[in-house]
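Each chain is listed here by its residues.
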Amino acid sequence: MGRPMTEAETRAAIVTEAMSWIGTPYHSHARIKGVGVDCAQLPAAIYEAVGLIDPVNPSYSPDWMLHRDEEKFLSYVLPQAREISEAEVLPGDMVIWRYGRTYSHAAIVIDLPQVVHAVIRGSAVILADITRDSDLADRPRRYFTVFGER
């Protein structure tokens, strides 16, 4: 058994894993690289793959964020991560946007403003620029990290 990875090595592993999902088709509730994934399952799959979180199995309908005020997605994120400011964001952190009535769309930060996320409109996992993508740029967003004290 080798030595534990440093934070920098772990962040690099997250970025590498996230990039390896690019092109995976969008499919609600799926989490199989190259086959299908949605925006909630993608960060979970990436953080699980690098050993940062235990498996999580969120339960949600595809349009829950349009009809409910409950921050269901954040209820899965907050036990695993802590909120940080945009100035603190590093590669491997997560950004979550408000879609509909709740914060419900997530991406993995590659190097701000670049992120990897699963999109319905693009029908796949893509690399995007959050300052240029019209679906992301003007939406309220929050940042989270799985590193440090929760």
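Reading the values: the criteria
Residues numbered from 1 in each chain as written. Predicted model: local features only at pLDDT ≥ 70, side-chain atom pairs only at ≥ 80, totals over all residues. Heavy atoms only, no water. Pairing = 2+ DSSP bridges. Helix = DSSP H or I, 4+ residues; strand = E, 2+ residues; numbered from the N terminus. Axes fitted to C-alpha atoms, helices over the stretch in contact; angles between N-to-C directions. Contact = heavy atoms within 4.5 Å. Salt bridge = Lys/Arg side-chain N within 4 Å of Asp/Glu carboxyl O. Buried < 20%, exposed > 50% of the residue type's maximum accessible area, 1.4 Å probe, protein only. Core = buried A, V, L, I, M, F, W, Y, C linked by side-chain atoms within 4.5 Å. Parallel < 35°, antiparallel > 145°, perpendicular 65-115°, else oblique. Left-handed = near helix turned anticlockwise from the far one by under 90°. Nonpolar A, V, L, I, M, F, W, Y, C, P; charged D, E, K, R; others polar. 1 Å grid on protein atoms, 1.4 Å probe; cavity = no way out; pocket = protein on both sides within 12 Å on 5 of 7 lines; lining within 4 Å. Points joined across faces, edges and corners; volume = space filled by probe spheres on them.

Within a sheet, adjacent strands bond to each other through the backbone by hydrogen bonds, running parallel or antiparallel. Reading across from one edge, β3-β8-β4-β5-β6-β7 is the order of the six strands in this open sheet, with antiparallel pairing throughout. Two strands lie at the open edges of the sheet, namely β3 (82–84) and β7 (124–129), each paired on one side alone. Between one strand and the next, the sheet's axes are offset by a mean angle of 40°, whatever the strand orientation. Of the pairings in the sheet, the one linking strand β4 (residues 94–99) to strand β8 (residues 141–145) comprises four bridges and is antiparallel in character. Residue Ile96 lies in a different strand from β8, and its bridge partner there is Arg142. Most of the contacts of helix α2 (residues 41–49) go to strand β5 (residues 102–111), to which it runs at about 45°, and overall it touches β4, β5, β6 (114–119) and β7.

On to the pattern of salt bridges, then. Pairing is possible between side chains that carry opposite charge, provided their charged atoms lie close to one another. Summed over the entire model, instances satisfying the criterion amount to six salt bridges. Close ionic contact of Asp93 with Arg11 constitutes a salt bridge, the shortest N to O distance being 2.9 Å. You can see Asp93 sitting in the loop between β3 and β4 and its partner Arg11 sitting in helix α1 (residues 7–20), a full 82 residues away along the chain. Looking at Asp93, the relative accessible area reads 0%, which means it is buried. Residue classification places Arg11 among the buried residues on the basis of a relative accessible area of 10%. Note that Glu17 is salt-bridged to Lys33, the shortest N-O span being 3.1 Å.

On to the nonpolar core. Within the largest apolar cluster, 29 residues are counted, with the highest numbers of intra-cluster contacts made by Leu42 and Ile96. Elements that contribute at least two residues to this core include exactly α1, α2, α4 (72–77), β4, β5 and β6. What Leu42 contacts, discounting residues up to four positions off in sequence, is Trp21, Val37, Val116, His117, Ala118 and Val125. Judged by nonpolar contacts, the second largest core, of twelve residues, contains Ile84, Val109, Ala128 and Leu136.

Turning to the packing of α1 against α2, a few remarks are in order. Closest axis-to-axis distance for the α1/α2 pair is 9 Å, and the angle between their directions is 130°. If you check the angle between α1 and α2, you find them oblique. You can see that α1 and α2 cross each other, and the crossing is right-handed. Along the contact surface, α1 presents Ile14, Glu17 and Ala18, while α2 presents Ile46, Tyr47 and Ala49. Residue classes in the contact of α1 with α2 are distributed as five nonpolar, no polar and one charged.

The full count for this structure, using the stated rule, is one cavity of 30 Å³ or more. Taken as a whole, the largest cavity encloses approximately 160 Å³ of empty space. As for the largest cavity, its lining consists of 14 residues, and the residues nearest its centre are Ala44, Ile53, Val56, Tyr76 and Val77. When contributions to the lining of the largest cavity are tallied by element, the ones reaching two or more residues are α2 and α4. Grouping the amino acids of the lining of the largest cavity by side-chain chemistry returns 13 nonpolar, one polar and no charged.

All we've got here are geometric facts, nothing functional implied.
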